[in-house]
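Now for the letters of each chain:
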Amino acid sequence: MAALRGGGTGINIKELSPERIEKSFSASLKAHSKTPYLLEKNSRSNPKEVIITFPASGGFKDWYSKTNFGEIKIDLTLFPSLRSIGNNEPALVNQFFLQRFQEILAKSNLQNEVDRAIKKQKQIIFAGHSSGGPVAILATLWVLENYQNPNFQGGIPPLCVTFGSPLVGNHIFSHATRREIWSNYFFHFVLRYDIVPRILLAPLSSFDQKFDTVSQLLDPKNRSFMSESSLGRISSTSEFYFEVISNAATVTRHAACKLMGTTEATLETITNFVPLSPYRPFGTYIFCTTSGNEAKQIVIKNPDAILQVLFFSAQLSSEAETDEVSLKSLRQHFTYGAELPKNLGIQNAVHLDQLEKIPLSENTTTGRDIATINTALNDLGLSTRARLCIQAAAALEERKRNNEKAIEEKTVFMEEKMKEVEKYREMWGHQKKGYYDGFKDQEDPEDFKANVKRLDLAGVWDEIIEKLLNYELPDEFEGKMDWIMRGTNFRRLVEPLDIANYYRHSRNRDGRAYMDKGGRPKRYRYTQRWLEHCERRKEGGYSESCFWAEVEDLCNDNKKSFEDVKERVSALEEQIEEWDKKGEVGKDVFLEGSTFVKWWKTLPIQHRQQSRIRSLV
C-alpha cells in the first residue's frame, strides 16, 4: 500500500467548494443504480481528484440486523483506532453498514483503486446519499487507518461528504475520530426535516408491519425507492414520524441532563425500561434550511450540540403542521437535488463555533453577527430550551478545556518529582543493587523520601487517568505526543517502585500476582495502552516497566521445576534483550545484588551458558 499522512487539522470547510459538493451529490445519486460503488476520476476541472460513491442498501428495517438497534463491536482488525484507549473498549457501529463495507472491500476492486489514487497523489472524496453515507464513512476511516504515515509528505488525506446519512457509530466512535484528528475530514449535509439521519435513534421494536411501506421507500431494490408517487399513498407517515421523534426526544433529553449535570428521576426510571440508542453524530454537520427564497447553512462541529439540533430542528411548531411535517420529513430525504443548489454558497454559511455565545431569545437583534446567528437558529426552529441544551454542550467542552489547563499547570510539579526519583535511581546505580531492590528493602532514609515522591506522582496521574476514563478531558488530549511520552516516562521510572512496594508488603501471599486483575494500578495499564496505541504495537503482555513483577513471580514459584517455567524464562530473556537494545531497561537491573541477577544465577548452568542475555548479566 502507498502511504498517506494521517492526523493534522483536516481542511477548512471553505475548501469544500460548491462544485465539490455538487459533484459529490450528483455522483451519489448515480451510485444508487450501480454496484458496488461508482468511481469518477476524469474531472477536467480537477484532474487530481477522484470521487468514489456508494449506493443505498436495504430498507431502514434491514439496518437493525434484527436487534434493537443493530449495533455491534467494530472490527478492530480493520479499524484499530476506533476504540477507547482508557476503557479498552471498541466502538459500537451499525452491523448492517459494517458488513456492507466489508463485502465491498473483499469482493470489489476498491483497495486497488484507492492505492492507485494515493500513489498518484490524488484527492479521494468518498460520498454517499442515504444509506450509502455510512459506507462512505467507513471507507474513509479505513483509508485513514491503513494509509496514514507521518513520514510520508506527499499523501493527501481523503474527504467524506454525506447527504441525509443515517448515524453509524456510538460515542466511542465519535471520541476516537476526534482523538485521531480525523473528524475534520467528514462533512454531513442534512435538510432540516429529513427523518433518515434520526431513524436509528429509535429501536426496531418501535416499528411494526404498517411501516414496511416506509422502509421500502429507502430500499433501492424496491420499486418504491425514493418514489414521490409512492410517498403520497402512504397513510402511516405521521405515526412513523412520531415514533422516531419521540424516541429521539428520550435520547436527547437524557443526553441533555448529563450535559447539565442533573438527573430527572422520571427520566432515569424510564431509561431502565426503554432502551436508548447508542448512536451519536460525529464530524461536521451542515444543516440546510430555506426561509422564503433565502437558503442558509448552519455549520456545527460539537457532537453533543449536533445531537440536540437533530431533535429540536425537526419539531412541529403547531398541531396543524402534523401531516405536513411528517410528509416533509420523508420527502426532504428525496429532494436534496432540488434543495442543495440553493445552499451551495458555503462561504455565506453560519458557523456556530462559539456555542456558549448563541442568543437564548428568539427575538435577539443586538449586533449584526448575533442577529445573523439568531436568524439561522430561528430558521432551524430552535427554541429557548434547544438553545440552552446547545449551550450546555458548549459548557461541557469548556469544562474539559479547563480540566486540561489545570493538569497542564501541574507539569512543573510532575517534572520536579520525576527528576528527584531519577536522582534516587542514580544513587542506587552506584551500589551493588539497583533502585528497585533498594526501595524494596527500605533501609535508607532516601528510600522513604522516594516513596513520598512516588505517592505524589501517583496522585497526579490517578487524577489524569480518572478524567480520561470519564471523558472529562478534550478528546484530542489522548493524541498529544508530549502527554503520551510523559506518561511513558512516568511508567518506566515509577512502576518498578510500585512493584517493589507490592512484593515488600507480601500482597501476593494469597496467590494474586501484581499483574492479576486488581493488582496493577490503572495509571500504568492505561499509559502502557496509550503508548501501544500511538506506536501501533501489539497490545498487552509485560512491558519493560513491569518485568520485575514477572521476575518476582518466577522467584516465588519455587514449587515448579525449571522445565515447568522454561518457556516463561526464555520469553522474559527475549524481551529483556529487546528492551536493552532500545534502551528501555536500566543498567541497574544487571547489578550483582539485584533480585533479577540473583534469581537468574539460580537457573540451571546449561541454560545460562546458552542464554541470549548471558553477556548482559
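Note that the structure is a prediction, hence the values are computed from the model and not measured.

Regarding the overall build of the chain
A count of helices and strands for the chain gives 24 helices and 12 strands. Based on the C-alpha atoms only, the size of the chain along its principal axes is roughly 85 × 50 × 45 Å. Counting the 617 residues in the chain, one finds 55% classified as buried. The long-range share in the chain, meaning contacts at least 24 apart out of those at least 6 apart in sequence, stands at 77%. Counting 84 positive and 83 negative side-chain charges, the chain places the centres of these two groups 3 Å from one another.

Structural notes on the sheet that holds strand E1 (residues 38-40)
As a general point, the strands of a sheet are linked pairwise by backbone hydrogen bonds and lie either parallel or antiparallel. The 8 strands are arranged E1-E2-E7-E8-E9-E10-E11-E12 in an open sheet whose pairing can be described as mixed. A single partner strand is all that each edge strand has here, and the edge strands are E1 and strand E12 (350-351). Judged from the 2 bridges that link them, strand E11 (residues 294-300) and E12 form a sheet pairing that is parallel. Within E12, the residue paired with Ile298 across the bridge is Val350. Across the sheet, helix H3 (residues 110-119) is in contact with E1, strand E2 (49-54) and strand E7 (123-129); its angle to E7 comes to roughly 140 degrees.

Notes on helix H19 (residues 481-504)
Between its first and last C-alpha, H19 extends 34 Å over 24 residues, near the 34 Å set by a 1.5 Å rise per residue. The largest bend in H19 is about 40 degrees, located at Val494, with the proline Pro496 one to four residues further on. Burial within H19 is extensive, with 17 of its 24 residues counted as buried. Directly beyond the C-terminal end of H19, a positive phi value near 55 degrees is found at Ser506.

Brief notes about the pairing of E11
Of all 7 residues making up E11, 5 are buried, and the element is well covered by its neighbours. Strand direction decides the pairing type here: strand E10 (residues 284-291) and E11, joined by 7 bridges, are antiparallel. For Ile286, the partnering residue across the bridge sits in E11 and is Val299.

Thoughts on the confidence of the model for the chain
Averaged over every residue, the pLDDT of the chain is 89; the share at 70 or more is 91%. Below pLDDT 50 for its whole length, residues 1-10 participates in 45 contacts with residues either more than four positions away or in separate chains.

What about the pattern of salt bridges?
Close approach of charged atoms lets side chains of opposite charge pair. Under the defined criterion, the tally for this structure stands at 40 salt bridges. Across the salt bridge formed by Glu113 and Arg116, the nearest N and O atoms sit 3.0 Å from each other. With Glu113 and Arg116 both in helix H3 and 3 residues apart, this pair spans about one turn of that helix. A residue is classified by how much of its surface remains accessible, and Glu113, at 14% relative accessible area, is buried. With a relative accessible area of 35%, Arg116 lands in the partly exposed category. In this structure, the salt-bridge partner of Asp498 is Arg454, at a minimum N-O distance of 3.2 Å. In this pair, Asp498 sits in helix H19 while Arg454 sits in helix H18 (residues 445-469), placing the two residues 44 residues apart along the sequence.

What to know about the environment of Phe25
Examined against the element boundaries, Phe25 turns out to sit in helix H1 (residues 18-31). Residue Phe25 is classed as buried on the basis of its relative accessible area of 8%. For the pair formed by Phe25 and Gly128, sequence separation is 103 residues and the distance between their alpha carbons is 7.4 Å. In this structure Phe25 touches His129, Phe163, Tyr336, Gly337 and Leu340, once residues within four positions along its chain are discounted.

Some thoughts on H3
Among the residues making up H3, those that are buried are Leu110, Glu113, Val114, Asp115, Ala117 and Ile118. If you follow the buried residues of H3, they end up packed against E1, E2, helix H2 (95-107), E7 and helix H4 (132-147).

Conventions used here
- Residues numbered from 1 in each chain as written.
- Predicted model: local features only at pLDDT ≥ 70, side-chain atom pairs only at ≥ 80, totals over all residues.
- Heavy atoms only, no water.
- Helix = DSSP H or I, 4+ residues; strand = E, 2+ residues; numbered from the N terminus.
- Buried < 20%, exposed > 50% of the residue type's maximum accessible area, 1.4 Å probe, protein only.
- Contact = heavy atoms within 4.5 Å.
- Lys, Arg positive; Asp, Glu negative; His and termini not counted.
- Charge placed at Lys NZ, Arg CZ, Asp CG, Glu CD.
- Pairing = 2+ DSSP bridges.
- Axes fitted to C-alpha atoms, helices over the stretch in contact; angles between N-to-C directions.
- Expected span 1.5 Å × (residues − 1).
- Bend = angle between axes of the 7 residues up to and from the residue.
- pLDDT = per-residue confidence, 0-100.
- Salt bridge = Lys/Arg side-chain N within 4 Å of Asp/Glu carboxyl O.

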